Amino acid sequence: KGTRLEALFSGRWDKMLERDSGGRTFLDLNGDCFQVIVDYMNELAISPEDDPPEYPTVNEELEYQFQHQLQLFGLPGIIDSEIIKKLSYGYAIRDSL
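Residues numbered from 1 in each chain as written. Predicted model: local features only at pLDDT ≥ 70, side-chain atom pairs only at ≥ 80, totals over all residues. Heavy atoms only, no water.

1. Observations regarding the packing of aromatic side chains
Then step 1. With the rule as written, the count across this model stands at two aromatic pairs.
Then step 2. Judged by centre distance (5.5 Å) and plane angle (50 degrees), the rings of Phe-34 and Phe-73 are tilted. In this pair, Phe-34 sits in helix H2 (residues 31–46) while Phe-73 sits in the loop between helix H3 (63–72) and strand E1 (84–86), placing the two residues 39 residues apart along the sequence. The same class applies to Phe-34 as to Phe-73, namely buried. (Phe/Tyr/Trp six-rings, centres within 6.5 Å; stacked < 30°, edge-to-face > 60°. Helix = DSSP H or I, 4+ residues; strand = E, 2+ residues; numbered from the N terminus. Buried < 20%, exposed > 50% of the residue type's maximum accessible area, 1.4 Å probe, protein only.)

Below, the structure is given as structure tokens:
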């Protein structure tokens, strides 16, 4: 909550989002990296606080694009591929908070 990713799909921007021929939202970014982010966010949402999912990783050649997407969507505090630290509510996240 409170990220640009959430805002993008909140409905406020629907008329401004580019669509493909099937009416689906078109995002011009690396699909492999975006899928890693979406999968992790889904796993995080359904995992118990005392058993969070493994942190997402990408191949070294995708790391720059991955970090860029995290920044773009306002997610570096939630997912970041640098140093991991624990928060008081039990989720370990990476150091870029």
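2. Section: the pattern of salt bridges
Then step 1. In this structure the tally under the stated criterion is two salt bridges.
Then step 2. For Arg-19, the salt bridge is made with Asp-14, and the minimal N-O distance between the two is 3.8 Å.
Then step 3. Classification of Asp-14 by relative accessible area gives partly exposed; the value is 39%.
Then step 4. Taking the shortest distance from any N to any O, the salt bridge between Asp-20 and Arg-24 comes out at 2.8 Å.
Then step 5. Residue Arg-24 is classed as exposed on the basis of its relative accessible area, which comes to 56%. (Salt bridge = Lys/Arg side-chain N within 4 Å of Asp/Glu carboxyl O.)

3. Points about the side chain of Gln-69
Then step 1. With respect to the element layout, Gln-69 can be found in helix H3.
Then step 2. Overall, the relative accessible area of 2% leaves Gln-69 in the buried class.
Then step 3. Ignoring any residue separated from it by four or fewer positions in sequence, one finds Gln-69 in contact with Leu-29, Asn-30, Cys-33, Phe-34 and Ile-37. (Contact = heavy atoms within 4.5 Å.)

4. Let's talk about the confidence of the model for the protein
Then step 1. Summary statistics for the protein give a mean pLDDT of 78 and a share of 77% for residues scoring 70 or more.
Then step 2. Taking the mean pLDDT of every element in the protein, the minimum, 35, falls on E1 and the maximum, 91, on H2.
Then step 3. Below pLDDT 50 for its whole length, residues 80–97 participates in 43 contacts with residues either more than four positions away or in separate chains. (pLDDT = per-residue confidence, 0-100.)

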